[in-house]
Structure formats: C-alpha cells, structure tokens
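Examination of the molecular architecture
What follows is each chain in one-letter form.
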Amino acid sequence: MDALVLFGKGLFIGLAIAAPIGPMGALCIQRTLAGGFWAGVAGGLGTALADLTFATGAALGFAVFQDLVERIALPLGLIGGAFLMGLAWRGWPRGQADEPVAAKIPEARSLWRTTLVTYGLTITNPPTILLFAAIFAGLGLAQTGSGLAIAALVAGVFLGSIGWWAFLSGLVAALHHRLPPAFALWTARVSSLTMAGFGLWAFASVF
C-alpha cells in the first residue's frame, strides 16, 4: 500500500481515537486551565506517544500484539486503575476557585513529568490497546509490510493524536479569559470524577 495513503489513514486513526472526550480529554482541559497551554500539550504528548507505541505494535502484527495484551491484561488493568484513582485523588480541588492561568509557562521539568505520567496512564489501558488492534485488523493494516509503510502509518497516528491535543489545549488557552473562575473548579471536579469512574471500571474489568 502506498506510504502516503497509509500516512493519511494513520492521521485519521490518531485523530479519531484522541478526539472523544474521555478521561484524557478532561485531564487535558484541567491541566491547560491550571498550568497553561504547554501543560496541556505536554499531557497530550504523553498520550500521543502511547498511541504511537500501540500503533507500532498493531502494525507489526495483530496476532502477536493481541496475544501479548491478553498475557499482561491483569497487571495492566491493576496499574492503570491505580493510576486513574491516584490522579483523581490528587486532582480533586480542595480550595476555592482560582483564576485560570492558561497564559503561564510551566517549568520544563514539570512538563516532562506531565508527559511521562500521561504516557504511563495511557499505556496501561488494555481497552485502548485492543481498540488499536481491532482498528488495524479491521482496516487491513496489521502487518503492513515494509519498514517505510509501517513508519508512514505510525507517524500519521502520532501526528493525528498530538494535533488534536494541541488544538484542544490551544482552544482552552485562547478562551480562558472568557471563562469564570468557577469553570476551572468544576472542570477539575468533573475530571477527577471521570478518572475515578474509569479507574473503578478498570478494576471491575480485571476481576
């Protein structure tokens, strides 16, 4: 299959998987309001890198990828659920609403930490892994062939994913001055409850 076509399909897949507002979307909005545009992008980068990892595994071979996921589903589910519950606890606001600070620039160390935490949270989510495997198998993209074809496909997935997170962070940062302080407070609450709900669901899925 032509590398350019595969790149386009990868863009679509990355965007389609990132765009639905789930726990990662709520977390991205919360981080942008609390830490600024680059804090939101740093979290999105972690998710995009995890998507890149999933896409690479799925492109290299659906059967092997699925078998690996089934073998490590239990520890992944436990780790992912614990990650989500921990973030929900830490993210729950414990004071009054503060002014959004979406214009400030966090320290580089804080940005890298955000990226690593979000990568770990996304990479330990078995349903997302299986979703990639199912999409790649359904579209006939598993075992795409040459190294160039695989590189084009996974590069498209990564750019589609990070493009969405940059857009979402930029939109929230651009509108922050129009949002009341209470918006950040309620966003933090909704984000924490969403992550706690997904964490409990991850534990229930394991057992």
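Just so you know, the residues in each chain are numbered from 1, in the order the chain's sequence is written. The model is predicted, so local features are restricted to residues of pLDDT at least 70 and side-chain atom pairs to those at 80 or more, both for listing and for counting; the totals for chains, interfaces and linings are taken over all residues. Working from all heavy atoms in the structure, the side-chain values ignore hydrogens and water.

Note the cut-off: UniProt positions are given in the numbering used here, feature names are shortened, and annotations may be inferred rather than shown by experiment.
An unreviewed UniProt entry lists the chain under the name Putative LysE/RhtB family amino acid efflux pump, from Rhodobacter capsulatus. According to the UniProt record, the Subcellular location (unreviewed entry) comment for the chain is "Cell membrane".

1. Structural notes on the overall build of the chain
The test is simple: Comment: elements are numbered from the N terminus, with helices defined as DSSP H or I runs of at least four residues and strands as E runs of at least two. Working definition: with a 1.4 Å probe on protein chains only, accessible area under 20% of the residue-type maximum means buried, over 50% means exposed, and in between means partly exposed. The contact criterion used throughout is that any non-hydrogen atoms of two residues lie within 4.5 Å.
Assigned secondary structure in the chain consists of eight helices and zero strands. In sequence order, the chain lays out its α and β elements as α-α-α-α-α-α-α-α. Within the chain, buried positions represent 46% of all 207 residues. Restricting to contacts in the chain with at least 6 residues of sequence separation, those with at least 24 account for 93%.

2. Looking at the UniProt feature "transmembrane region" (unreviewed entry) in the chain
Feature annotation in UniProt places "transmembrane region" (unreviewed entry) on residues 37-65, 72-92, 116-141, 148-171 and 183-204, given in this structure's numbering. Annotation note: span residues 148-171, helix share 100%, strand share 0%, distance between end C-alpha atoms 34 Å.

3. Details of the environment of Leu148
Take Leu148: it is sitting in helix α7 (residues 147-175). Sequence-wise, Leu148 and Asp2 are 146 residues apart; in three dimensions their C-alpha atoms are separated by 9.6 Å.

4. What to know about the environment of Gly35
Within the secondary structure layout, Gly35 lies in helix α2 (residues 23-35). Taking the C-alpha atoms as reference points, Gly35 and Ala173, separated by 138 residues in sequence, lie 9.8 Å from one another.

5. As for the nonpolar core
Convention followed: Put simply, a nonpolar core is a bunch of buried Ala, Val, Leu, Ile, Met, Phe, Trp, Tyr and Cys residues held in one set by side-chain atoms that sit within 4.5 Å of each other.
The biggest cluster of nonpolar side chains holds 17 residues, and the ones touching the most others in it are Ile13, Phe54, Ala55, Phe132, Phe136 and Val157. Excluding its chain neighbours within four sequence positions, the residues that come into contact with Val157 are Gly10, Leu11, Ile13, Gly14, Asp51, Ala55, Phe132 and Phe136. Residues Met24, Leu33, Leu121 and Trp165 belong to the second largest nonpolar core, which totals 11 residues.

6. A short note on the packing of helix α3 (residues 37-60) against α7
Packed helices, taken two at a time, are described by the angle between their axes plus the distance between the axes. Stated formally: Axis lines are fitted to C-alpha atoms, over the contacting stretch for helices. Their N-to-C directions set the angle, which ranges from 0 to 180 degrees. Oblique is the label for any angle not under 35 degrees, not over 145, and not in the 65 to 115 range, which are roughly parallel, roughly antiparallel and roughly perpendicular in turn. Less than a right angle of anticlockwise turn of the near helix away from the far helix marks a crossing as left-handed, whereas a clockwise turn marks it as right-handed. Residues were grouped as follows: Ala, Val, Leu, Ile, Met, Phe, Trp, Tyr, Cys and Pro as nonpolar; Asp, Glu, Lys and Arg as charged; and all remaining residues, including Gly, as polar.
In the contact formed by α3 and α7, the axes pass within 8 Å of each other and the chain directions differ by 160°. Viewed along their axes, α3 and α7 adopt a mutual orientation that is roughly antiparallel. Classified by chirality, the crossing of α7 by α3 is right-handed. The residue makeup of the contact of α3 with α7, split by class, is 18 nonpolar, seven polar and one charged.

7. Thoughts on the packing of aromatic side chains
Our working rule: Stacked, tilted and edge-to-face are the three classes applied to pairs of Phe, Tyr and Trp rings, where Trp contributes its six-membered ring and a pair requires centres within 6.5 Å; stacked means planes under 30 degrees apart, edge-to-face means over 60, and tilted covers the rest.
Counting across every chain of the model gives two aromatic pairs. Geometrically, the ring pair formed by Trp164 and Phe167 is tilted, given 5.6 Å between the ring centres and 40° between the ring planes. On the criterion of helical spacing, the pair formed by Trp164 and Phe167 is a turn pair, its members being three residues apart in helix α7. In this structure Phe167 comes out as partly exposed when scored by relative accessible area, which is 48%.

8. A few points about empty space enclosed by the protein
The following threshold applies: Cavities and pockets were defined on a 1 Å grid built from protein atoms only: a cavity is a group of points that admits a 1.4 Å probe but offers it no way out, a pocket is an open group of points flanked by protein on both sides within 12 Å along at least five of seven lines, and a lining residue is one with an atom within 4 Å of any such point. Grid points are joined across faces, edges and corners, and a volume is the space filled by probe spheres set on the points.
One pass over the structure, following the stated rule, counts one cavity of 30 Å³ or more. When its volume is computed, the largest cavity comes out at roughly 40 Å³. Along its surface, the largest cavity is lined by Met24, Leu27, Cys28, Arg31, Gly43, Gly44, Thr47, Thr118 and Trp165. Elements supplying a minimum of two residues to the lining of the largest cavity: α2 and α3. Ranked by residue count, the leading element in the lining of the largest cavity is α2, at four residues. Its residues placed into classes, the lining of the largest cavity shows four nonpolar, four polar and one charged.

9. Comments concerning the packing of helix α1 (residues 3-18) against α7
α7 packs onto α1 with a crossing angle of 35° between their chain directions and a minimal axis gap of 6 Å. Relative to α7, the crossing made by α1 is right-handed. Of the residues in α7, those touching α1 at Ala3, Leu6, Phe7, Gly10, Leu11, Ile13, Gly14, Leu15 and Ala18 are Leu148, Ala149, Ala152, Leu153, Ala155, Gly156, Val157, Leu159, Gly160, Ser161, Trp164 and Trp165. Broken down by class, the residue content of the contact of α1 with α7 amounts to 16 nonpolar, five polar and no charged.

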